[in-house]
Amino acid sequence: MHEDVERVLVTERELKEIAQKLGERITKDYEGKKLLIVGVLKGSIYFLTDLSRYIDLPCNIDFIQASSYGNSAVSSGEISIIKDISQDLSGFDVLLVEDILDTGRTLKYICDMLAKRNPESISIVTLLDKPARRAVDIHADYVGVDVPDEFVVGYGLDYNQSYRNLPYIGVLKRSIYE
């Protein structure tokens, strides 16, 4: 375990099991549909990679990047799109892949923006759900695991662009971000 991590919440093995379970569900749910998987950068990269290996369907993959944090541990509430998807959404069933559903502001902004582009549907899969911090009315259609209201890092999640490469989800020591 990394010295800045207080404790492990989700192990490597559990992460693999979550990706497999969700991938199998998504495969059944999207059978016969034109699937576009959209990863929300940067945090979803590891989860999207593992999840997509368990989705046994033809699909397209694209990415979108939004920011509301900058270098802070707290969202500014101002959302900006840094990288937009390049795909025309007409005819696609869009599956947004997120690392963590926290306040929901950024994901709601992305969903509202993409809904205006005529997709067949938009669904959300999130590795982690932190319902205690939800600030807007949004929910994920597929959830890996609920997490407590603590600052989590690893497996794509960061603090100030560090810790993404940890192979597990851990709670960051308060002394690091306060």
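Predicted model only: the values in this text are computed from it and were never measured.

Spatially, the 3 strands line up as an open sheet ordered 1-9-8, and their pairing is antiparallel. With one partner strand each, in any of the chains shown, strand 1 (5-10) and strand 8 (152-153) form the two edges of the open sheet. Where strand 1 and strand 9 (residues 169-172) come together, 4 bridges link them in antiparallel fashion. Its bridge partner being in strand 9, Val10 is matched across the sheet by Ile169. Across the sheet, helix 1 (residues 12-29) lies against strand 1 and strand 9, angled at about 35° from strand 1, the strand it touches most.

Each α-helix winds once per 3.6 residues, and so residues spaced three or four apart point in a common direction. What helix 2 (residues 45-53) keeps buried is the set Phe47, Leu48, Leu51 and Ser52. One face of helix 2 carries all of its buried residues, which in axial projection span an arc of 120°. As for helix 2, its buried residues are in contact with helix 1, strand 2 (35-41), strand 3 (59-67), strand 5 (93-101) and strand 6 (121-129).

What counts as what
- Residues numbered from 1 in each chain as written.
- Predicted model: local features only at pLDDT ≥ 70, side-chain atom pairs only at ≥ 80, totals over all residues.
- Heavy atoms only, no water.
- Pairing = 2+ DSSP bridges.
- Helix = DSSP H or I, 4+ residues; strand = E, 2+ residues; numbered from the N terminus.
- Contact = heavy atoms within 4.5 Å.
- Axes fitted to C-alpha atoms, helices over the stretch in contact; angles between N-to-C directions.
- Buried < 20%, exposed > 50% of the residue type's maximum accessible area, 1.4 Å probe, protein only.
- Arc of directions from axis to C-beta.

By themselves, these figures tell us nothing about what the structure is for.
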